[in-house]
Each structure stands twice: as C-alpha cells, then as structure tokens.
Amino acid sequence: MQTYLSFDDLTNEEKYEHFMERIAAGEKIEADDWMPDDYRQSLIRLISMHGISEIMGALPEKEWVPKAPSLHRKLAIMAKVQDEMGHGQLLLRVAEDLMAPLGKTREHIMQDLFSGKLKFHNVFHMEAPTWGDAGMIAWLVDGAAIISQSMMLDSSYGPYARALKRICAEEVFHAQHGESIVLALAEGTAEQRALLQDSLNRWWTSLIMFFGPKSAKETGNSNADKNIMYKIRTKTNEELRQEFFTKYIPRIWAIGLTIPDETIHFDESTQLWVYKDADWNEFKQIVSGHGPRSQERLALRQSSYDMNGWVREALAAKKAI
Amino acid sequence: MKALKELIYQLADDDFILAYRGSEWLGLAPHIEEDVAFSSINQDMMGHATMYFQLLEALGEQEADQNAHLRAPEAFRNAVLLEEVNGTGSYLHQPNYDWAFTVVRNYFYSVHKKIRLDSLRLSSYEPLRNVAKKILMEQQYHLMHWEVWFRQLLTSTDEAKRRMTEAMVKVWASFGGVLTLGPYYGEMVKANFIDDENVLKTRWMSAIKKVLNETNTNMLPGEPGMTSGNGRKGEHTTDLQQAIATLAEVYVTNPAVSW
Ligand SMILES: [Fe+2]
Ligand SMILES: [Fe+2]
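Residues numbered from 1 in each chain as written. Chains lettered and ligands numbered in written order. Predicted model: local features only at pLDDT ≥ 70, side-chain atom pairs only at ≥ 80, totals over all residues. Heavy atoms only, no water.

### Side note on the coordination of the iron ion (ligand 2)
Residue and element names in this part refer to chain A.
Inference 1: Donor atoms from the polypeptide that coordinate the iron ion (ligand 2) comprise Glu84 (OE), Asp142 (OD), Glu171 (OE) and His174 (ND1), at 1.9 to 2.2 Å from the metal.
Inference 2: Angles of 85 to 168° at the metal separate the four donor atoms of the iron ion (ligand 2), which places the site in the irregular class.
Inference 3: Written as a sequence motif, the donor residues of the iron ion (ligand 2) are E-x57-D-x28-E-x2-H. (Donors = N, O, S within 2.8 Å, 3.2 Å for Na, K, Ca; no water. Tetrahedral: all angles 85-135°; square planar, octahedral: opposite > 155°, others 65-115°.)

The structure is reproduced here in structure tokens:
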C-alpha cells in the first residue's frame, strides 16, 4: 500500500520503471492506472483501428444480408453482422476511456475515419461481389481474426483483454457460420463450386496481407515491435500467418479448392510454409484508402452519418434537458 | 381452411417484409448501439415470419424457403405500408433513409402487432395460439424499443418534431392496410381464428391516441387510409417487386439446391 500512497511523488522515470515491472510480472493495467503516454498512444492506435475495422468490416457482408439465399442464412448472417457492430461498440468504448484524459471522444474517431487519418483493416477495402464472398469472409477472414486476436487475449491492458475474450468467443461462431456456407457451396453444383473458387482467388492475397508484413522494413513502421515490448501482443506477424496456414491450408485443400499460389508448400526442414509474399506497396495503397472499395465504403459510412445528423442532435437535446 | 391460410400469410408477410426493410438499415442506423438493437429486432421478426411459414407448410403450402423467395408479388399478403422503401437510394448506394419514417412505421406496427398477438393467443387454431405466445415474449421488447424512440423524437428538437409529424401523416395514410384482415375477414372471425378487425382497430386507435396525448401531439385526423392499395388482396407497389428481386437474388439462381 505504501508505494501506492507515495506514487504521485515519484519521478516519471520511476513511474515508468514501476509500470514496466508490473507488465513484466504479468499484471494487468487498468484504465485509471498510470501509464506512459507512449503506451496509451499505442493502445489508442491499436484499439480504435480494431474497433473501426469491426464497423467497416460489417459493410462488405452487409451487402449480402438482404440477399442471403434462405431464411436460415438470412437470420445467421444478420446475427453475424450484428455481432461485428457489437464488437465495434465494445472496442470503441475501450478506446474512448483511453482517449478521455486527452479530451477526445467517439466523434473524433469518426472524423479521423472520414479524413483518412484512422485506417481500417485491408480486407475491408476489398469487393465482395458474390455470395461466395459472404462465406469466404466469415470462414477465412474471421478465421484469421481469431488467430490474431487470440494472441492478445493475454494483453497487458486489462479492458482490451476482457473485450477480446468476449469477441473471440463470438468469432468462433462466425467462422462456423462461414464454414457452413462454404461447405454447402463446395458440396453443391459445378456453378456453386466455381463461385467458391473464384472467391478464394479474389481473397487469397488479402489474407496474406491480413497479418501485416514480415518485418518493419516493409512498411517502415515499428508498431508491432513496440506492442510486443509492452506485452500488448505476443507474436510477430509472420508467426501468426504461419499459424493461419497450418490451420487452414489443409482444410482448403480438403474441400477441393486450389490456392492461387503454385509455390505454396510446407518445408519440412524449416517447419515453415513457403509462399508467395504479397506486394506490400499495394498493401500501403489499399490501407491508405486506395483499395477497390475504400472510397465507396467510406462514402456509405459518411452518408449514413450525415443523414442521421438530426437524430443525434435530437438525442443530445434530450440529454441536455 | 382458405381463411386460415390467408390469415397466416398476412402475419408471415407483414413480419417478413418489414424485417427485410429493417435489414437494409444494417450498418446505417443513427448510432452503433442502435444498429445492434435494431438488427436484433429484425432477426426476431424474420424468425417470427419463419414460424408462420412453417405453419403454412404444415397446412400443405410450399416449403418455407420456397414460399419466402419464389412467390409472385400478387401472392404476398403484407400491408403495402410495410413494403414501402426506407427512403431514396439503395442500401448499397447513396441511401437517403428516413429514420423518422422507420420509427413511426415500426412503432405503429408494433402496437398493432401486440394487439393482434393478444387476440391470436386465444385463437381457435391451436398451432397459431402457440406461435403467438412465443412471439409475444419478444414483441414486448420491440414495442418498448420503438416507444422510447417515438416519445424521444416527438418531444425533442423542432426539426425532430417536424420530421416525426411528416412521417406520421405518411404512415397514417396507409395504415388502414395493416388494420384490415382482407376479403376473408368474415370467415376468419366466424371460425374464431382472430377477433373482429374493428375491435382490434379500436384498441389500436385508443393506444395511439393515448401516446399522442402524453406527448402533446394532435391526434391524426379521420381514419387511417389505404392510399396505395390493399395488400391483403394482393395489391402491391413496385417497392415490393424490388424487395423480392433483392431478397431472392441468389436463391432464384438455383432453387433446387441447398445453399
Ligand atoms: Fe468481429
Ligand atoms: Fe467476426
């Protein structure tokens, strides 16, 4: 207790040291705890990007919600997209708490999204032109998300770790929902299988990109390394990508699909998958708002934001009374 | 038998088409929390429609998915108000949706749906009675949800009041289509499948009058109308054609296979 009572008297270096000791000991940092600015900034960057990606991620699948080809699929995909919005809500609340001491709110997050300052995940900049994509996204994109999010379940930041726990539990259902769509198509007619193969061809590169470049030198950005130092995450991009391959490549092959990379194979000597790397310049282009659907999706978000402006005003006026 | 099926088609199609319109809002609601809540309501409603489609299947009608996706617009029995588009644009491209219209339509419909279910709970047709009881549990929450929105927007800024008033005039003009039980109404009532439509209508009118009173809003003039046709007779607008084309787009590419 004594150290806590005198905590305010410590120098910043001492506070930092104490903070790093807590992290090293596996303690969880909570919203009101002292934390270095750098840690706070890293969390805000990571969690607001994650939160807004959930929300932007609802848009490609949302395209298929009214069109889902049976009552059962309509219900399932609605529930799935609703979960994604729910994840966004949960994460934005975690981000809002971190931003509060800086005088920032959700409004800032939305404005940063519209101005292009806040990026969202590369996969959600891509087109989803067929029902096969509705299956592929839920199966493999959510599958990839499970792998990268599970790694952070033990994140040093308590509120994020707890939000992820709930999110990951739901993601498992999403991947099952996706797998069910994919299997129905894989076991269906030649046209249905073609729809599926076509969709895999379209999504493969995006899935490679999903985990980010192998090292900082491809993007000149060391956020991933910093996040490892702060124990916000525990694995490198490449480790996660290899995990994804190990889990999904055999399944993709098992249902008779071809991966659009002739070089892909498992190297027994290194115990690693060998594959054709993505073009990381293209990746940078996509996430900076120049992907095939980036502008349309942002425009959709923006137009819904604008058309509902009067509703937000009306609610704010009620609160003020 | 014909009257019973007609009644269940009305119940199924009302929920199915309004849930479809609701699903177009997904990702576009006024705030993220509402997106989550509204989507949950739409799933419930689509689930209610599914239960009714299953009742119809048990009565010898087509299999539920076929019934939902393959019928011609004339075969739909939903009220025309419920098929009306959410606004201009499409859910994919430049939607200019009207939240006031959505709130009023859903609130007025929810009030009626509750009254209708309370009557169906005592229906002479047991399977309908059972389904009504199940649906009522969820319906309670939907009604509360829309009532909160309705009251909040009606008692807030001038702009919100203006938009809500305009939406009420629009909804009133065709709410008569929800209130009617259609051409087989006499048989439905005689067989005790449901109460007289005039009884249900009186209950609905007094519920609406009460909430308008409490929000210092003038009661709407005259009787609710049926300006764009009687959906219970299979009269519909191009809005329904567009809805069916969208909701069946994938299914019709091959109705024989599983998806
Ligand atoms: Fe998610
Ligand atoms: Fe998901």
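Anyway, onward from the coordinates.
### Considerations on the coordination of the iron ion (ligand 1)
Residues and elements named next belong to chain A.
Inference 1: Taken together, the protein ligands of the iron ion (ligand 1) are Glu54 (OE), Glu84 (OE), His87 (ND1) and Glu171 (OE), with distances of 2.0 to 2.3 Å.
Inference 2: For the iron ion (ligand 1), all donor residues lie on one chain, and their spacing in sequence is E-x29-E-x2-H-x83-E.
Inference 3: Distance-wise, the iron ion (ligand 2) is placed 3.3 Å from the iron ion (ligand 1), both being coordinated by Glu84. Pair noted here: Glu54 is in helix 3 (residues 37-62) and Glu171 is in helix 7 (residues 158-186), with a separation of 117 residues, a long-range link. (Helix = DSSP H or I, 4+ residues; strand = E, 2+ residues; numbered from the N terminus.)

### Some remarks on the packing of helix 8 (residues 190-210) of chain A against helix 11 (residues 237-254) of chain A
All names here are of chain A.
Inference 1: Running from N to C, helix 8 and helix 11 cross one another at 160°; their axes reach a closest spacing of 12 Å. Judged on the interaxial angle alone, helix 11 and helix 8 are roughly antiparallel. In the packing of helix 8 onto helix 11, the handedness of the crossing is left-handed. Where helix 8 abuts helix 11, its residues Leu200, Trp204, Leu207 and Ile208 lie against Arg241, Phe244, Phe245, Ile249 and Ile252.
Inference 2: The residue makeup of the contact of helix 8 with helix 11, split by class, is eight nonpolar, no polar and one charged. (Axes fitted to C-alpha atoms, helices over the stretch in contact; angles between N-to-C directions. Parallel < 35°, antiparallel > 145°, perpendicular 65-115°, else oblique. Left-handed = near helix turned anticlockwise from the far one by under 90°. Contact = heavy atoms within 4.5 Å. Nonpolar A, V, L, I, M, F, W, Y, C, P; charged D, E, K, R; others polar.)

### A closer look at the confidence of the model for chain B
Inference 1: Within chain B, residue pLDDT values average 97, and 100% of them lie at 70 or more.
Inference 2: Taken together, the chains of this predicted complex give a pTM of 0.95 and an interface ipTM of 0.96. (pLDDT = per-residue confidence, 0-100.)

### Some details on the interface of chain B and chain A
Inference 1: Taken together, the contact between chain B and chain A spans 52 residues of the former and 44 residues of the latter.
Inference 2: When the two sides are added together, the surface that chain B and chain A hide from each other amounts to roughly 4300 Å², 66% of it contributed by carbon and sulfur.
Inference 3: Ranking the residues of chain B by area buried against chain A places Leu26(B), Ile32(B) and Trp259(B) at the top, with a combined share of 18%.
Inference 4: In this structure, the salt-bridge partner of Glu249(B) is Lys67(A), at a minimum N-O distance of 3.2 Å.
Inference 5: Our count for the chain B to chain A interface comes out at 18 residue pairs in polar contact (both at pLDDT 80 or more). (Buried area = accessible area lost by both parts, 1.4 Å probe. Salt bridge = Lys/Arg side-chain N within 4 Å of Asp/Glu carboxyl O. Polar contact = N/O pair within 3.5 Å; in protein donor to acceptor, adjacent residues only side chain to side chain.)

### Details of the packing of helix 14 (residues 309-320) of chain A against helix 7 (residues 158-179) of chain B
Inference 1: Contact pair helix 14 of chain A / helix 7 of chain B: the axes reach a minimum separation of 9 Å and the direction vectors enclose 120°. Between helix 14 of chain A and helix 7 of chain B, the angle falls in the class oblique. The interaxial crossing formed by helix 14 of chain A with helix 7 of chain B has left-handed handedness. Contacts from Trp310(A), Glu313(A) and Ala314(A) in helix 14 of chain A reach Glu159(B), Ala160(B) and Arg163(B) in helix 7 of chain B.

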